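Single-letter residue listing:
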Amino acid sequence: MASIRRTLSPYTDRSHQNGLSSTFSPQSPSQKLFSQGRTTLSPIRRFVAGVFFRKHQPRKSLQFSWRKPFLRCFMCFFLGFLLGMTPFNSDFNELRGDFRKSDYSLEMKPEVVSVQRSAGDLASVEKPKEDDLLIGAVELGVVERADKTDMKKVLDFVPGKQLIVVTPTYSRAIQAYYLNRLGQVLRLVKQPVLWIVVELNEASKETAETLRNMGIMYRHLVCVKNNTTDVKDRGVHQRNTALEHIERHKLDGMVYFADDDNIYSLELFESMREISRFGTWPVGLLAQSKNKAILEGPVCNGSKLIGWHTNEKSKRLRRFHVDMSGFAFNSSILWDPKGWHRPTSDPIRHLDSVKEGFQETTFIEQIVEDESQMEGIPLGCNRIMNWHLHLEARGLAYPKGWMLPKNLDVVIPSK
Ligand code: UDP
Ligand code: MN
């Protein structure tokens, strides 16, 4: 008994003085904690117990002290802060084991159907390991093999400006051919290239699959338009969906509108990387109906613009004679108007209301004031780097999903 007495806290001593027996009194958890041998309690446990279980303890005196309520508040705040800072997803998931992420995810379904990371997004990702760097470098064509002796080459590599290629597309007979052809050209272009493909109202399975298998960075977007009957040119709204996306996510690179049905050279994409603000070049136009080729675009002295090629009399009133596939511009003009000294910060968009043939000029007039803000590429603007073909294939039927419901009849000629 003597030894017990020695280990009793001053509180139990006092309770005895108050007329209660320390040996038989029902003890609160705090009292138990204290009576479990005072000498064995660490200062931290004593502190914690003091903060949380104070109300069960007999008062030392009637004099009120602010110290403990303050400490209690502080501890609660501190615990709350720690809980708040805990990474919820990973830890919670581990604790719950079979609890699936999607059950509590607050993520909103974006209009982007399938997203791969752009080079800009990679900035926030933690530092990659050497092996990952080597594998990435092989994919980009910086080195041929993932060999550590080439590490210096990899570390010295400075990627070129990102190209943001925007393609509106729609389901028709030769869509798969067009998308594959353009995708394969983009695959051969030095990376980083981001291909933004936009469809109207829904993302087709065929397009999604083509993009997935292409092996390049892409974003598959959907332009939602309920009333499509009053829309003159559907490509306009799809291109605007891509512009909104670039602006919202502040994607950094050279924006280029590449229709799915045109013909592009690799040189074209490489030349675009030299542009600072707005670049333009002459495009060859081939009109099936007119059975002739014409040229549209700048006449240059070096990279300075001194005139325009145009053969269309009806379009002479246009301010700039540029084809939709004959210009590219710095994406930051979309989201950093002040940086480029733009007179207004109105969003830059294609307009559905303009006359046929004036689509490009009304768009470009929002980006540049005059020819002095344009750069002609390649030097001298004396090469055609892409062709705009007007080949109509709207009415052609094609098997859905490119699947043949039954085997083709085969006729084998007899010898
Ligand atoms: N386009 C589209 N929806 C349409 C019409 C066109 O997405 O209803 C796309 C088309 O796939 C192409 C671009 O817009 O990438 C230009 O269309 P088209 O080739 O018919 O125009 P043109 O060459 O005659 O100016
Ligand atoms: Mn076309």
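Everything quoted here is computed from the prediction, not taken from an experiment.

1. Considerations on the UniProt feature "site: Interaction with galactose moiety of substrate glycoprotein" (unreviewed entry) in the protein
Move 1: Per the UniProt record, the feature "site: Interaction with galactose moiety of substrate glycoprotein" (unreviewed entry) sits at Glu296.
Move 2: In this fold, glutamate 296 is placed in strand β9 (residues 292–301).
Move 3: Its relative accessible area of 4% is what places glutamate 296 among the buried residues.
Move 4: Once you skip the residues sitting within four places of it in the chain, glutamate 296 turns out to touch Trp281, Pro282, Val283, Leu285, His309, Thr310, Arg318, His321, Val322 and Asp323.

2. With respect to the side chain of asparagine 330
Move 1: When you line up the elements, asparagine 330 lands in strand β11 (residues 327–330).
Move 2: A polar contact of 3.0 Å, which involves the side chain of asparagine 330, links it to the backbone oxygen of serine 276.
Move 3: Setting aside its immediate chain neighbours within four residues, asparagine 330 contacts Lys161, Asp252, Gly253, Met254, Ser276, Arg277 and Trp340.

3. Topic: the UniProt feature "active site" (unreviewed entry) in the protein
Move 1: When the UniProt feature table is mapped onto this chain, "active site" (unreviewed entry) is found at Glu360.
Move 2: Locating glutamate 360 in the fold gives a position in helix α14 (residues 359–364).
Move 3: Once residues lying within four places of it in the same chain are set aside, the contact partners of glutamate 360 are Val322, Asp323 and Met324.
Move 4: A distance of 3.1 Å separates a polar atom in the side chain of glutamate 360 from the backbone nitrogen of methionine 324.

4. Digging into the pairing of strand β3 (residues 193–200)
Move 1: The buried fraction of β3 is high, at eight of eight residues.
Move 2: As defined by bridge partners, strand β2 (residues 163–168) adjoins β3 across six bridges and the pair is classed as parallel. Across the sheet, the residue bridging to valine 165 is tryptophan 195, located in β3.
Move 3: In this fold, the crossover linking β2 to β3 by way of helix α9 (residues 175–188) has right-handed handedness.
Move 4: Relative to strand β4 (residues 217–223), β3 runs parallel, the two being bridged by seven bridges. Bridge pairing links leucine 200 to cysteine 223 in β4.

5. A closer look at the packing of aromatic side chains
Move 1: In the structure shown here, the tally under the stated rule is 15 aromatic pairs.
Move 2: Ring centres 6.5 Å apart and planes at 20° place the aromatic pair phenylalanine 327 and phenylalanine 329 in the stacked group.
Move 3: The class of phenylalanine 327 is buried, set by a relative accessible area of 0%.
Move 4: A network of ring pairs unites the aromatic residues Phe257, Phe278, Phe327, Phe329 and Phe363 as a single cluster.

6. Examining the confidence of the model for the protein
Move 1: Averaged over the protein, the pLDDT score is 78; the fraction of residues at 70 or greater is 69%.
Move 2: Here residues 1–39 is modelled with pLDDT under 50, and outside its nearest four sequence neighbours on either side it reaches 42 contacts, counting other chains as well.
Move 3: This stretch, residues 90–123, has a pLDDT under 50; its non-local contacts, to residues over four places away or in other chains, come to 42 contacts.

7. Here's the deal with the site of ligand 1
Move 1: Surveying the vicinity of ligand 1 reveals 13 residues, the closest of which are Pro168, Gln238, Asp260, Asp261 and His388.
Move 2: Arginine 172 is positioned such that a nitrogen or oxygen atom in its side chain is 3.4 Å from an oxygen atom of ligand 1.
Move 3: Here an oxygen atom of ligand 1 sits 2.8 Å away from a polar atom, N or O, in the side chain of histidine 388.
Move 4: For ligand 1, the protein covers 81% of the area, taking 510 Å² as the surface of the free molecule.
Move 5: The dominant element in the shell around ligand 1, judged by the number of residues it contributes, is helix α11 (residues 234–248), at three residues.
Move 6: Its residues placed into classes, the shell around ligand 1 shows two nonpolar, four polar and seven charged.

8. Brief notes about a nonpolar patch on the surface
Move 1: On the surface, Phe70, Phe74, Phe77, Phe78, Leu79, Phe81, Leu82 and Met85 cluster together into a nonpolar patch covering about 880 Å² of accessible area.
Move 2: Residue position: phenylalanine 70 is located in helix α5 (residues 67–85).
Move 3: Residue phenylalanine 70 is classed as exposed on the basis of its relative accessible area, which comes to 57%.

9. Quick look at the sheet that holds strand β10 (residues 304–309)
Move 1: A sheet is described by the order of its strands in space; here five strands give the open sequence β6-β13-β8-β9-β10, paired in mixed fashion. Pairing within the sheet leaves two strands with one partner each, and these edge strands are β6 (263–264) and β10.
Move 2: Pairing analysis gives four bridges linking strand β8 (residues 283–287) to strand β13 (residues 386–390), with the strands arranged parallel. Note that in β13 the partner of alanine 287 across the bridge is histidine 390.

10. With respect to the state of the cysteines
Move 1: Tallying each qualifying case throughout the model produces one disulfide.
Move 2: One disulfide in the model links cysteine 300 with cysteine 381; its S-S distance is 1.8 Å. Of note, the bridge from cysteine 300 to cysteine 381 carries an S-S torsion of about -65° and is left-handed in sense. Of the two residues, cysteine 300 is situated in strand β9 and cysteine 381 in the loop between β12 (375–376) and β13; the sequence distance between them amounts to 81 residues.
Move 3: Under the relative-accessibility criterion, cysteine 300 is labelled buried at 12%.
Move 4: A relative accessible area of 6% places cysteine 381 in the buried class.
Move 5: Distance from the sulfur of cysteine 76, which forms no disulfide, to the nearest cysteine sulfur (cysteine 73) is 6.6 Å.

Reading guide: rules and limits
Residues numbered from 1 in each chain as written. Chains lettered and ligands numbered in written order. Predicted model: local features only at pLDDT ≥ 70, side-chain atom pairs only at ≥ 80, totals over all residues. Heavy atoms only, no water. UniProt positions renumbered as here; feature names shortened; annotations may be inferred. Helix = DSSP H or I, 4+ residues; strand = E, 2+ residues; numbered from the N terminus. Buried < 20%, exposed > 50% of the residue type's maximum accessible area, 1.4 Å probe, protein only. Contact = heavy atoms within 4.5 Å. Polar contact = N/O pair within 3.5 Å; in protein donor to acceptor, adjacent residues only side chain to side chain. Pairing = 2+ DSSP bridges. Right-handed = clockwise from strand over helix to strand, strands pointing away. Phe/Tyr/Trp six-rings, centres within 6.5 Å; stacked < 30°, edge-to-face > 60°. pLDDT = per-residue confidence, 0-100. Near = heavy atom within 4 Å. Areas by Shrake-Rupley, 256 points an atom, 1.4 Å probe, with all protein chains shown as cover. Nonpolar A, V, L, I, M, F, W, Y, C, P; charged D, E, K, R; others polar. Patch = residues over 30% accessible without salt bridge, like charges linked within 9 Å, V, L, I, M, F, W, Y side chains within 5 Å. Salt bridge = Lys/Arg side-chain N within 4 Å of Asp/Glu carboxyl O. Disulfide = S-S within 2.5 Å.

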